[in-house]
Amino acid sequence: MINRKTVYNDLTNEDKISKINEKNKFLINDFLDYLRSIDKAESTIKQYKSDLHIFFVWNMEKNDNKNFINITKREFARFQGVAINEWNWSPKRTRRVKSVLSSLSNYIENMLDEEDEYKDYKSIVKKIENPTNELVRDKSVFEPDELKHLLDMLVENKEYEKACCLALAMYSGRRKAELCRFKVSYFDESNVIFGSLYKTPEKVKTKGRSSKGKLIYLYVLKHPFQPYLDMWLNERNRLHIDSEWLFPDTADPTQQVKISTLNSWARYFTRLIKKPFYFHSMRHFFTTECVKNNLPTNVIQEIIDWESADMVALYTDISTDETLGKYFDENGIKQIKQTSLSDL
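Residues numbered from 1 in each chain as written. Predicted model: local features only at pLDDT ≥ 70, side-chain atom pairs only at ≥ 80, totals over all residues. Heavy atoms only, no water.

### As for the overall build of the chain
We apply this condition: Only DSSP runs of H or I with at least four residues qualify as helices, and only runs of E with at least two residues qualify as strands; both kinds are numbered from the N terminus onward. Only protein chains enter the area calculation, which uses a 1.4 Å probe; residues under 20% of their type maximum are buried, those over 50% are exposed, and those in between are partly exposed. Every accessible area reported is derived by Shrake-Rupley at a probe size of 1.4 Å, with residue values counting cover from the shown protein chains alone.
Helix and strand counts for the chain come out as 14 helices and seven strands. Here the chain holds 344 residues, and the buried ones make up 44% of them. Only carbon and sulfur atoms are counted for the fraction: they give 48% of the accessible area of the chain, which is about 19,300 Å².

### A word on the sheet that holds strand β1 (residues 192-193)
Defined as follows: Two strands make a pair as long as DSSP finds a minimum of two bridges between them.
Spatial strand order, β1-β2-β5: three strands in an open sheet with antiparallel pairing. Taken across any chain shown, the strands that pair with only one partner, and hence form the sheet edges, are β1 and β5 (219-221). In this structure, strand β2 (residues 197-199) lies alongside β5, joined through three bridges in antiparallel fashion. In the strand pairing of β5, Lys 199 is matched with Tyr 219.

### Describing helix α4 (residues 73-85)
It helps to recall that an α-helix has 3.6 residues per turn; residues three or four apart then point in one direction. What counts, and what does not: One less than the number of residues in a helix, times 1.5 Å, gives the span that helix is expected to have. Think of the arc as the fan of directions from the helix axis to the C-beta atoms. Contacts are assigned to residue pairs with any non-hydrogen atoms lying within 4.5 Å of each other.
Here α4 contains 13 residues, and its C-alpha end-to-end distance of 18 Å stays within 8% of the 18 Å for a straight helix at 1.5 Å per residue. Among the residues making up α4, those that are buried are Glu 75, Phe 76, Phe 79, Gln 80, Val 82 and Ala 83. In a view along the axis of α4, the buried residues occupy a sector of 160°, so they form one face of it. Those residues of α4 that are exposed and angled more than 90 degrees off the buried face are Arg 74 and Asn 85. The elements touched by buried residues of α4 are α3 (42-62) and α5 (91-111).

### Comments concerning the pattern of salt bridges
Put simply, the rule reads: What makes a salt bridge here is a side-chain nitrogen of Lys or Arg within 4 Å of a carboxyl oxygen of Asp or Glu, nothing more.
Throughout the structure, instances matching the rule amount to 21 salt bridges. Close ionic contact of Glu 178 with Arg 174 constitutes a salt bridge, the shortest N to O distance being 2.9 Å. Among the residues examined, Glu 178 registers a relative accessible area of 1% and is labelled buried. Relative accessible area serves as the criterion here: at 1%, Arg 174 is assigned to the buried category. Bridged by salt links that share partners, the residues Asp 33, Arg 36 and Glu 42 form one connected network.

### Overview of the packing of α3 against α5
Under the convention used in this document: Each axis is a line fitted through C-alpha atoms, and for a helix only the stretch in contact is used; angles between axes span 0 to 180 degrees, taken between their N-to-C directions. These descriptions rest on fixed angle ranges, namely under 35 degrees for roughly parallel, over 145 for roughly antiparallel, 65 to 115 for roughly perpendicular, and the rest for oblique. Note that Gly is not counted as nonpolar here; it falls among the polar residues with everything else outside the nonpolar set of Ala, Val, Leu, Ile, Met, Phe, Trp, Tyr, Cys and Pro and the charged set of Asp, Glu, Lys and Arg.
Where α3 meets α5, the closest approach of the two axes is 10 Å, and the angle between their N-to-C directions is 95°. By the angle between their directions, the pair α3 and α5 is classed as roughly perpendicular. For the pair formed by α3 and α5, the contact residues are Gln 47, Tyr 48, Asp 51, Leu 52, Ile 54, Phe 55 and Phe 56 on the first element and Arg 93, Arg 96, Val 97, Val 100, Leu 101, Ser 103 and Leu 104 on the second. Its residues assigned to classes, the contact of α3 with α5 comprises nine nonpolar, two polar and three charged.

### As for the confidence of the model for the chain
Stated formally: Known as pLDDT, the predictor's confidence for each residue is given on a scale from 0 to 100.
Per-chain confidence: the chain averages 89 in pLDDT, with 86% of residues scoring 70 or above. Taken together, the stretch residues 1-8 has pLDDT below 50 and engages in 13 contacts with residues farther than four places along the chain or on a different chain.

### Quick look at the environment of Tyr 198
What counts here: Two N or O atoms count as a polar contact when they lie within 3.5 Å, although within protein this holds only if one can serve as hydrogen donor and the other as acceptor, and sequence-adjacent residues are included solely when both atoms are side-chain atoms.
Its place among the elements puts Tyr 198 in strand β2. Since its relative accessible area comes to 3%, Tyr 198 is described here as buried. Distance from Tyr 198 to Tyr 186, taken between C-alpha atoms, is 7.5 Å for residues 12 residues apart in sequence. Apart from residues no more than four positions distant in its own chain, Tyr 198 is found in contact with Tyr 186, Phe 187, Asp 188, Glu 189, Asn 191, Val 192, Leu 218, Tyr 219, Val 220, Lys 222, Gln 226 and Leu 229. A polar side-chain atom of Tyr 198 sits 2.5 Å from a polar atom in the side chain of Gln 226.

### Points about the packing of helix α6 (residues 144-156) against helix α10 (residues 259-273)
With their axes 11 Å apart at the nearest point, α6 and α10 run at an angle of 105° to one another. Classified by the angle between their axes, α6 and α10 sit roughly perpendicular to one another. Residues Leu 150, Met 153 and Leu 154 of α6 touch α10, and the partners they reach there are Tyr 268, Phe 269, Leu 272 and Ile 273. Residues of the contact of α6 with α10, tallied by class, amount to seven nonpolar, no polar and no charged.

### Focus on the state of the cysteines
Spelled out, the test is: Cysteine sulfurs are considered disulfide-paired once they come within 2.5 Å of each other.
As enumerated under the stated definition, the model contains zero disulfides in all. Residue Cys 165 stays outside any disulfide, its sulfur separated by 7.0 Å from that of Cys 180, the closest cysteine. Exposure remark for Cys 165: the relative accessible area of 0% places this residue in the buried category.

Structure follows, in structure tokens:
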């Protein structure tokens with residue numbers, strides 16, 4: 001049975017949004033323009049806009065379309081209760097939307113305080129207690145044999161592009177957006193370091209707080225990835241696909257594949273293996289395999305480019321017993337040999 005599931009609600013549409021009162025529409029647009037002025041990523045602004053529309057449509061339908069600055073703590077708490085109990089939102093999603101509302105409140109208090117209408121406004125959203133941030137859906141943890149079985153099925157079906165993308169995710173730990181940005185030219189022998197790692201010859205855009213994101217070098221474990229890369233490159237040649245992108249958009253090969261395509265592949269993988277698959281689980285898989293092979297935490301941190309070593313523990317899916325079993329046996333404490341990247 002597939003348990004991992006996100007609840008979606010049809011809460012907004014253009015007609016409902018048009019009925020939001022004009023002062024609240026002004027606040028939404030003014031706040032989003034402010035976010036652009038401080039170089040927030042467009043993807044972040046899009047998410048803020050969606051969350052704000054949900055809240056203000058609820059406010060229009062269920063809270064007399066009140067001006068935002070007049071909404072009370074009790075009414076914010078009521079919205080939170082509806083999100084949790086009627087819309088079946090996860091605590092995480094509810095906290096995220098509440099955080100957006102808090103940011104809007106802070107913007108009004110700190111940036112609009114010179115205007116008569118807003119000069120006495122004080123942010124109150126943060127005074128509402130958050131719902132407990134519990135895990136409400138099962139996390140998929142994959143063993144190497146499971147993923148090898150999935151790769152074998154894809155190869156058997158001659159779905160070499162999907163197999164290559166899956167292998168790239170497994171052996172790089174990169175996010176979906178970054179998987180889309182790999183170029184064919186990155187996988188040249190001249191870009192192999194230490195005989196075991198592909199290192200991109202240029203920095204690649206990755207997730208960041210600004211619209212430009214963050215530019216970093218990306219690394220891929222060469223040896224386990226190479227067979228699937230070769231199969232896909234051979235298939236590209238057979239199909240006369242001419243594109244700089246490793247995974248080009250089908251409709252326009254001059255463009256990289258869309259994230260929506262990777263999402264459809266993830267749903268396909270789920271159907272094949274009868275277990276919820278999502279690409280972010282491969283970030284956990286890569287980190288876990290590095291830890292299992294005794295790579296030092298600081299090395300894993302550098303490969304993935306995390307700012308904090310704490311992220312390694314967060315992305316490691318190893319039970320306490322399995323961890324202790326690496327270091328203890330009937331003779332006491334084991335002597336553990338640290339491995340290098342070339343051993344993976």
